[in-house]
Each structure stands twice: as structure tokens, then as C-alpha cells.
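Close look at the chain arrangement
Now for the letters of each chain:
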Amino acid sequence: MERCRNAAMKKNAQKTLTPLSSSLKANTDAIRSRFGGSFDLVVRLFRSDAAPSRELAIIYIDGIVDAETVNVSVMEPLMSMTLPPHAHTKGTKLLDALRSCIVSVGSVGESATLEEALQAVSDGSCLVLAEGCTSVLTASVNGGEQRSVTIPQTQTVIRGPQYSFVENIRTNISLVRRIIRSSDLHVQMHKIGSQTHTDVAVLYLNGIVDEGVLKEVYRRLADIDIDGVLESGYIEEFIQDETFTLFPTVLNTERPDTVASILLEGRVAIMVDGTPIVLMAPITFFSFFQSPEDYYQRFDIATFIRVIRYAAFIVSILLPGLYIAVTTYHQEMLPTTLLISLAAQREGVPFPGLVEALLMEVTFEVLREAGLRMPRAIGPAISIVGALVLGQSAVQAGIVSAGMVIVVSFTAISNFVMPEFNMGAASRIIRFIFMLMAGMFGFFGLFISVLLMLVHLVSLRSFGVPYMSPMAPGSASQSIFRDVFIRLPWWAMIFRPFELKLRNPRRLPNRRKPAAQRHSDNP
Amino acid sequence: MQRIGKSQLSIMIIVFLIGSTPLFELGLKARQDAWIAMAMAAVVGLLLTVIYVKLQKRAPEAGLAELCRMHFGKWLGGTVALVYTVWFSYESMRNVRDVGELTRMALLTVTPKWIIMLLILFVAAYTVSKGLEVFARIVQLLFPIVLISYLFIILLLFIAKLPEIDRLLPIMENGMGPITKAAFPDLVSFPFGQTVVFLVYWKHLKEKRELGKTTFKSQAGVSAFLIFMNMLVMSVLGPALSEVTSLPLLQAVQLIRLANFLERLDVIVTLLLFIGLYVKMTALYLAAVLTLKEVTGAAYRHFVWPVGLVVYAASFLEPNNTYHLWLGLDVTLKIVPLFQIVFPLLMLVAGVRKRYKRAASP
């Protein structure tokens, strides 16, 4: 609290506001010099029929405004139109008259200080100045080059909408608005970053959202004090509940339909200008195993695939550790024939199981990173080098055993099953810890590290919501049916997630089967 | 104050009472009638729980230390609570040592015991440092694993046709004498009387009204399960074999041989025992820390690591496993009725008089 207030006071102290002068030249010079004479700052002085006696000016930055709008809605009317006779044009009233009768841009503001004017120019507004006025008009004419909406790159689905967010926050908000056409969809804007002044939007559905969580989101956003925000990852690290954990406590997505679905569940989305990645909170561990496609496919298939995902996660963190533990300490666990074949493979291998596994896992991590960073054109080379040279040849050369190659490959593939990239990243690091513990203490080491991981998991929270709910805390029926392991058919998914304290917890107001399946309707 | 739900309490009681109990074939003094001894002890255990619940109901928001102070006065009560703390730590230490011995026997024969005990105690200390809510949640998370594993083992034992009812016969060969001797006080003290530790936890229960019902239900259920497991192991191994093996359940499971594939299931048993021991160790450790906090009034976090260190150091006091077992099964079981029966009964009696006083004074 105390720290907060101090920071706020410091902020205020820094902001000494300069009022604008009544001289047009003084104002344009001041703005030009504050921008250091930057070459992309356009200052245009002119005279117009609207106010023949006075000189006018418009100022904007080339490239971040829409040139068309500036020309058609600001420049042209100003130069060609005249004010109606009844309009007041004396002194400072001139600007009001220009605003109401001439400048035909949707959102026009007025600022009286130099700092506000500068900020408006940086945000992509066009300033209209007039001789003898101590304020300026700011016409919002954002524009410029931007990427168009494309198909999702990282979170692809077979069935479902095929478009994703872009870098422009306005476009992104509109994409969500097009899905949820309701006045209950509220968007609150914040500016974060003392230098970048990045737009950060908080989206929620009024009447459904968990108010306590919303308040907490605002509190944490207000507390951020940083010079620049380039990506939502900056915001995520400031607002997450726990820094020193491998597990992500904020979900992210590039899909508008995912954002819409979590808003409908009563959660909050946080958009950051300049990135297509949107943050969502509060979430639980199980949110990372839900793909948007689960809800578009048939429920039985979706349930099956979801269970596969949990299994793949367990495999991807445990399998190498288990293999090391079994081959190093507990050979008696294996059926005899399997044991003999494994032993025969390992005969020529010079390393102990742990070293062999670490070697292969690190190699794989290097391959994977190389595949990501390499130019597209030489991508296939990686797979050839990786698969043939490091896989087959390493076995033939007797450096690693064939069994180990199978284990590492299967682990790697399991890791790619995760719908969320950051949970997959967590499992990669956990895997190494498990491998080390298994190499040192066998099954006991595995037991200890899994237990430690579970204790850590249940101690986590995401915006106050326990990370492992509705399993712990929660009840058995909740953890089975509330969208954790089983995706119920849509008509049976009556409630929103239980872990949130929602004002309106029901998705479906009354519980009933679809019309076609009700008895009375059947012939 | 941290709060736990009634389902969490119920699961805590179940997993706590299972603990390491199936590890040993208890009540062997009654030979094939061990299960009858278990049943008798279970009934007495439930009666004891009635006393504990009654005590708790007098002051629903009071922990063990507070209850002691209420009934015995400030200084004497505080001392009694401290003695309880020592006992909890000691029992926690026994579980740490059990893990050490079990790992040496079943998994890692050459790894030094100190590192094994250090690791398991570290996990326990980490849990305790996170508090009661986290402990309740982790037990909740482990419960399905325990449940499914036991069901799996039981199923396989039956599929492999190992249990033979003959091994439980004849019933009461030597009359009631040996059975009673086996049941009292040994079986009452371990595992059933250990529910006294819940005097520390009950005050954290959210739904105060459900306290008695939840506790009795879960304890009755888990008692039935323990009796059943006792019968099952006895019917697989028989009294003679049970007596000579140190880990009867492990022995029984090793007999399972199905389809040339399901052969080495020891690892499931070991896992189950680790989970049970971990839960028990942590529950007692946490109880010691919570009671200390209540007695002294100092912050909770100051006691987590010191108590852990004391438990760790104490786990080296016994020279070997034989001594450990002797101390646990012969000496300790004779002393613990003090905590499980004598003190609670004293409190019950003292409380009755106090209530009369209170009724008379105004």
C-alpha cells in the first residue's frame, strides 16, 4: 500500500504540465522541438475560408495515421468549407466551431496542455491548431500499415473458426465483439509503460464475471511500473501469482473463439496492443488440457482425446525417468524376455542409463530449438540430420541403445500433444529433474519428485483460485464431470466452472434434453 | 484461519488411518483370529473418537492446546499440550524411519538411509510450510491413487485365487483370551487411537455441524477396510508365514503371477506404503507445529523447520530396524494410551465438573 502511494506520488511529481500558448507559431515550434525535429512529424500551416483572418495548422506523424482520412476528413473540409454564419468564431470559440461543423472524424477531443497534445500525436491523432487558441483539437485518425487477419499459427484446429488475432488491439477487440454481440461485453482500457504507453484492454462479461477477480486484475495492472510493454508476456510476469514456479498460471491464446469461450465462463481476458497473444485468467491446471476443438467435436471423441492428452502429459514428464529407474535399479520389474532384449541392446553402450538419457534429451532439445530458429528453407535438413544421423547412426555406432531412442522420441512426441505451448515447456524442464532424481534414487527418487511436484501444484493459485480445483479442493463428481476429464454434451453442461464465484453460475437456465430426444416428441 | 471442507476431512481421516497399517499384519498374537482382534479394537477406537468429538464440541473453535488449557488450567494445560507435541513429533519420526527402513529393504539396498530420510522429510517440511489447506489438498489428490491401487491389488489377489478361507479357521481356537490380549492395548493404540491427532484439525472444519457425522462415517468405513485387508492378507499367507515376514502385504502381492506379465507388483505396494507413510508423517508433523503455535502464540512459520530438524535428528536415535520395531510395537504401544485415553478422559471428566460450576455460578 505504502509503496504504491509513493510510486503514484513520484509519477505526479514528474508530470509538470505546460499550458499551450495562444500563439500558433509558439505551439508548433514547441511540438516540433519536443519531437527533436523528427523527420516523420508533419506540420502543415495554411489559411482557410472557415476562418479567413487566422492561420491554422495540422500536425500528425506520417505512417501511423491513415493518410486517406487525414486528407478527406480533416484537410479537405478545413480548406474548402466555410463556417455557417451563426457560428462563433471569436477567440478560442473558433476551435469549437471547427469541431462541430467542419472536422468530420468520429472521435475528436480537445487538449489544453503540451503534454497531452504530444501524447495524442504519438498515439496517432491529428492535431488541429489555430492562431489565438490556447487548446488544440485531437482527431483520432489511427491507421497505417498492419497485418491482416490470418489463420492461427500455433493453435490450429480442424473444425472451428480459422482466424486469429493480429497486432492491432482495436482489430482484436472487434474480433471478439463480432462473436459476443452484447452490451454486456465490457472493455476497459489502460495505458501501461512510461515510454511505450501501450494500450492494455481488460475484457469481461458484465453480470457473469467473478467481481473479486476483476478487482484483483485491475489492482495488479495498476501496480505495474515499467518503461515499455512489447508483448503480453511482460504483463503476464507482473500479474501472475507466483514467479518461482515452472507452471504457468495465466493462459494465453491467439484465437478469438477461445477468448469468447473463457469470457462466457466468467473469466477475464487481457489484450495488449502490439501482439496477437491474449492473456486469460483465472485459470486452473486443467485449462491447459482443453483445446477449443474439444467443444466443436462430438463430446465422446473430445473426451477420449482429452484423456489421451493427460496420459501424454504424464508420459512426457515421467517416461525417461521411469526408463532410467527400471534399467538402472529395478531390472527385476521387467518381464524376463523384455529384460533380456534390453540388456542385449545396452551391452555395447559405454554410458550409464542416466548419462545416455541426458545425452539424447539434450540433443533433442538442441534439435528442436534449431528447427525453430532456422530459416524455413533449410528446415528439412534438420529432420534428416536429426532422424538419421543422430537416431539410427548413434544406435549403430553403439553410443546409445535403441530402446533409449524409442523412449526419447515417444517422450518428445507426447510433449507436442499439449494444446498449450507453455505447459509443454514446463514439462520439458520437469522431465530433466525427474531424470536426475531417477538416476540417483530410482523409484524412490521418482516418488519424491512427483510428490514434491504435486504439493507444489496444489499450493499454486491463479488470481486466488486454487490451481488444482475442482479436483483439490473440490469433490469427486466435480472433478470428473465439470469439464476436467469428461466433456459433457452441450445440453448437459449446465454450469459454468465451479471454481469461480460467479453471480450467474448457470450456462443453461433449465436442465432438459434437446427437443429431438425428449420422450414426448418421439413417435 | 485456514479452512478445510468436510470431504477433505473425511479423506484425511481415511488416508491417515490407512497410513502404514497394512504394512504390518497387526494382531498376530491372536494368530488366525487377528481380524477379530482388529474388529474389537476398531469398536473401541470408535468409542474413543466419540470422546474426542465430545471434547471438540465443547469448544468448536479450540485446538488441542486450547482444549488442554481450558480443562487443566493455563500452566498445566500448556505443559500437557507440549507433551502432546513431543509425542506427535516422535510418531512422525517413526514414520520417517519406516520410510528409511522400507526403502532399504524393498528398493535401494545400498543407498545410505540419511539421504532417503532427508528427502522424504524435506517433502513433508515443504508441505507443512505451505499450511493445512495445501496438506488437505494433496491428500485429496493422493486419495484416488490409493483407492485405485488397493482395489487393483485386491482384484488381482482374487483373480489369482490366492485367498483361502481355510487359513482363517478355526475361529477362536483358544477362546477370547489371546484375542483380547492382542486387541488391548496394542491395536487400539495403533492405528485406531491415533485419531486423537484430529483434535488439532477439527477446529479448521468449515461445516462445524457435520463434524461428528463425517468423522464417524469415515472412521467406520476405514476400520472395515482395515479389518478386511487384515483378513485378506491372513487368508493368503496364513498365520505361520505372516509371523516370519517383515512386510506381509508385500509378501502376499509377490505371490501374484498372472498371464506371464503381471508379476512384479511390489512397486504398487511400495508406492502405497510410501503414500500412507508420507501422509501420516506430515499429519503428525503438522499437528506438532500447529500445537506449538497454539501453545506459544508465536508465528507458525518459525516452527516448521526447527520441528523438522528435531524429527530428522531423532530418526537416527535407534541403532537398527529390530530396535525400531521393538520400540514401536512393544514399548510405544504401552505408553500412548496416556495420550489417547488418559488425557482425553481426564479432560472429559474435568469438563463435566466445570460445566456444573458454570451452571451454578450465575
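No experiment lies behind these values; they were computed from the predicted model shown. (Residues numbered from 1 in each chain as written. Chains lettered and ligands numbered in written order. Predicted model: local features only at pLDDT ≥ 70, side-chain atom pairs only at ≥ 80, totals over all residues. Heavy atoms only, no water.)

1. Things to note about empty space enclosed by the protein
All names here are of chain B. Counted by the stated rule, this structure contains three cavities of 30 Å³ or more. Each pocket or cavity is described by its volume, and for the largest cavity that value is around 230 Å³. Contributing to the lining of the largest cavity are 20 residues, with Glu 91, Arg 94, Asp 98, Phe 190 and Gly 328 lying nearest its centre. Those elements giving two or more residues to the lining of the largest cavity turn out to be helix H4 (74-106), helix H11 (266-296) and helix H13 (321-335). (1 Å grid on protein atoms, 1.4 Å probe; cavity = no way out; pocket = protein on both sides within 12 Å on 5 of 7 lines; lining within 4 Å. Points joined across faces, edges and corners; volume = space filled by probe spheres on them. Helix = DSSP H or I, 4+ residues; strand = E, 2+ residues; numbered from the N terminus.)

2. Digging into the sheet that holds strand E6 (residues 185-192) of chain A
All names here are of chain A. Ordered by their spatial adjacency, five strands build an open sheet running E6-E7-E9-E10-E8, and the pairing between neighbours is antiparallel. The strands lining the two open edges of the sheet, one partner per strand, are E6 and strand E8 (251-253). The sheet shows a mean angle of 25° between the axes of neighbouring strands, direction not considered. Taken together, the three bridges between strand E9 (residues 268-272) and strand E10 (residues 278-281) define a ladder with antiparallel strand orientation. Paired with Ala 269 across the two strands is Met 280, which belongs to E10. Each of E6, strand E7 (198-205) and E9 is contacted by helix H7 (residues 211-222), which is oriented at about 175° to E7, the strand it contacts most. (Pairing = 2+ DSSP bridges. Axes fitted to C-alpha atoms, helices over the stretch in contact; angles between N-to-C directions. Contact = heavy atoms within 4.5 Å.)

3. Observations regarding the sheet that holds strand E5 (residues 136-140) of chain A
Residues and elements named next belong to chain A. Taken in spatial order, the five strands line up as E1-E2-E4-E5-E3 in an open sheet, and their pairing is antiparallel. Strands with a single pairing partner mark the edges of an open sheet, and in this sheet they are strand E1 (41-47) and strand E3 (108-111). On average, adjacent strands in this sheet sit at an angle of 25° to one another, irrespective of strand direction. Where strand E4 (residues 125-130) lies against E5, four bridges are found, and the strand directions are antiparallel. Across the sheet, the residue bridging to Val 128 is Leu 137, located in E5. In this fold helix H3 (residues 67-80) packs onto E1, strand E2 (55-61) and E4, with an angle of close to 170° to the strand it touches most, E2.

4. Re the packing of helix H6 (residues 132-159) of chain B against H11(B)
Residues and elements named next belong to chain B. The contact between H6 and H11 brings their axes to 10 Å, and the two run at 155°. Classed by the angle they form, the pair H6 and H11 counts as roughly antiparallel. When you trace H6 past H11, the crossing you get is left-handed. Of the residues in H11, those in contact with Leu 132, Phe 135, Ile 138, Val 139, Leu 142, Ile 145, Val 146, Ser 149, Tyr 150, Phe 152 and Ile 153 of H6 are Ile 268, Val 269, Leu 271, Leu 272, Ile 275, Tyr 278, Val 279, Thr 282, Ala 283 and Leu 286. In the contact of H6 with H11, the residues fall into 19 nonpolar, two polar and no charged. (Parallel < 35°, antiparallel > 145°, perpendicular 65-115°, else oblique. Left-handed = near helix turned anticlockwise from the far one by under 90°. Nonpolar A, V, L, I, M, F, W, Y, C, P; charged D, E, K, R; others polar.)

5. Things to note about the packing of H6(B) against helix H9 (residues 211-244) of chain B
Residues and elements named next belong to chain B. Look at H6 against H9: their axes get within 12 Å of each other, and the N-to-C directions meet at 35°. Helix-helix and strand crossings are classified by hand; for H6 and H9 the assignment is left-handed. Here H6 contributes Tyr 150, Ile 154, Leu 157 and Phe 158 to the contact with H9, which in turn contributes Phe 225, Phe 228, Met 229, Leu 232 and Val 236. In terms of residue class, the contact of H6 with H9 is built from nine nonpolar, no polar and no charged.

6. Digging into the nonpolar core
Ranked by internal contacts, the top residues of the largest apolar core, which has 206 residues, are A:Phe444 and B:Tyr201. Per element, the largest residue contribution to this core is 20 residues, and it comes from H11(B). Residue-level mapping places this core at the junction of two domains, with at least three residues from each of domain 2 (169-283) and domain 3 (299-466) of chain A. Excluding residues within four positions of it along the chain, A:Phe444 makes contact with B:Val99, B:Thr103, B:Leu107, B:Leu108, B:Ile116, B:Leu119, B:Ile120 and B:Phe274. The next biggest cluster of nonpolar side chains, apart from the first, holds 27 residues, and it includes A:Ala51, A:Val74, A:Leu78 and A:Cys126. (Core = buried A, V, L, I, M, F, W, Y, C linked by side-chain atoms within 4.5 Å. Buried < 20%, exposed > 50% of the residue type's maximum accessible area, 1.4 Å probe, protein only. Domains from an automatic or database assignment.)

7. Here's the deal with the packing of aromatic side chains
Residue and element names in this part refer to chain B. Here the structure, examined in full by the defined rule, presents 28 aromatic pairs over all chains. An angle of 50° between the planes, with centres 5.8 Å apart, marks the rings of Tyr 84 and Phe 343 as tilted. Here the residue Tyr 84 occupies a position in helix H4, and Phe 343 occupies one in helix H14 (residues 337-360), the gap between them amounting to 259 residues. No difference in accessibility class separates Tyr 84 from Phe 343, as the two residues are buried. Taking the centre distance of 6.4 Å and the plane angle of 40° together, the rings of Phe 198 and Trp 202 count as tilted. (Phe/Tyr/Trp six-rings, centres within 6.5 Å; stacked < 30°, edge-to-face > 60°.)

8. Let's talk about the side chain of A:Ser459
Tracing the backbone through its elements, the reader meets A:Ser459 in helix H15 (residues 421-459). Relative accessible area serves as the criterion here: at 17%, A:Ser459 is assigned to the buried category. Among the polar contacts made by the side chain of A:Ser459, one reaches the main-chain carbonyl oxygen of A:His456 at a distance of 2.8 Å. Setting aside anything within four residues of it in sequence, one finds A:Ser459 in contact with B:Tyr126, B:Lys130 and B:Val134. (Polar contact = N/O pair within 3.5 Å; in protein donor to acceptor, adjacent residues only side chain to side chain.)

9. Some details on helix H6 (residues 169-179) of chain A
Regarding H6(A), the residues found buried are A:Ile169, A:Thr171, A:Asn172, A:Ile173, A:Leu175 and A:Val176. Summarising the contacts, the buried residues of H6(A) are in contact with E6, E7, helix H9 (256-264) and E9 of chain A.

10. A look at the interface of chain B and chain A
Interfaces are often sized by the accessible area lost when the parts come together. Between chain B and chain A, the residue contacts involve 31 residues of the former and 25 residues of the latter. A combined buried area of about 2,600 Å² lies between chain B and chain A, and 79% of that area is made up of carbon and sulfur atoms. Put simply, chain B and chain A have one salt bridge between them. As a salt-bridge pair, A:Arg461 and B:Glu133 come within 3.6 Å of each other at their nearest N and O atoms. At the boundary of chain B with chain A, the tally comes to three residue pairs in polar contact (both at pLDDT 80 or more). Elements that contribute at least two residues to the side of chain B that touches chain A include exactly helix H1 (6-18), H4, helix H5 (113-130), H6 and H11 of chain B. Among the elements that make up the side of chain B that touches chain A, the one with the highest residue count is H5(B) (nine residues). For the side of chain B that touches chain A, the class distribution of residues is 20 nonpolar, seven polar and four charged. (Buried area = accessible area lost by both parts, 1.4 Å probe. Salt bridge = Lys/Arg side-chain N within 4 Å of Asp/Glu carboxyl O.)

11. Some words on the domain arrangement of chain A
Residues and elements named next belong to chain A. For chain A, the domain assignment lists domain 1 (19-140), domain 2 (169-283) and domain 3 (299-466). Once you take the C-alpha centre of each, domain 2 and domain 3 turn out to be 34 Å apart. Contact residues are listed per partner, giving 19 residues for domain 2 and 16 residues for domain 3. When domain 2 packs against domain 3, close to 1,500 Å² is buried across both sides, 71% of that on carbon and sulfur atoms. At the boundary of domain 2 with domain 3, the tally comes to zero salt bridges. Here domain 2 and domain 3 share five residue pairs in polar contact (both at pLDDT 80 or more) between them. Where the side of domain 2 that touches domain 3 is concerned, the elements lending two or more residues are H7 and E8. Taken together, the residues of the side of domain 2 that touches domain 3 sort by class into twelve nonpolar, three polar and four charged.

12. Some points on H5(B)
All names here are of chain B. Helix length check: H5 (18 residues) gives 26 Å between terminal C-alpha atoms against 26 Å at 1.5 Å per residue, within 8%. Extensive coverage of H5 is indicated by the burial of 13 of its 18 residues. Gly 131 occupies a position one or two residues after H5 and carries a positive phi of about 100°. (Expected span 1.5 Å × (residues − 1).)

13. Looking at the state of the cysteines
Scanning all chains against the criterion turns up zero disulfides over all chains. Not engaged in a disulfide, the cysteine A:Cys101 finds its nearest cysteine sulfur in A:Cys133; these two sulfurs lie 14 Å apart. (Disulfide = S-S within 2.5 Å.)

14. Details of the pattern of salt bridges
A full pass over the atoms with the stated rule returns 35 salt bridges over all chains. Here A:Arg147 and A:Glu167 are joined by a salt bridge, their closest N and O atoms 3.0 Å apart. Taken together, the positions of A:Arg147 in the loop between E5 and H6 and A:Glu167 in the loop between E5 and H6 put the pair 20 residues apart, joining distant regions of the chain. Here A:Arg147 falls in the partly exposed class, since its relative accessible area comes to 38%. Between A:Arg306 and A:Asp294 there is a salt bridge; the shortest N-O distance is 3.0 Å. In this pair, A:Arg306 sits in helix H10 (residues 299-328) while A:Asp294 sits in the loop between E10 and H10, placing the two residues twelve residues apart along the sequence. Classification of A:Asp294 as buried rests on a relative accessible area of 1%. Several salt bridges share partner residues, and in doing so they unite B:Arg94, B:Arg97, B:Glu101, B:Lys113 and B:Glu318 into one network.

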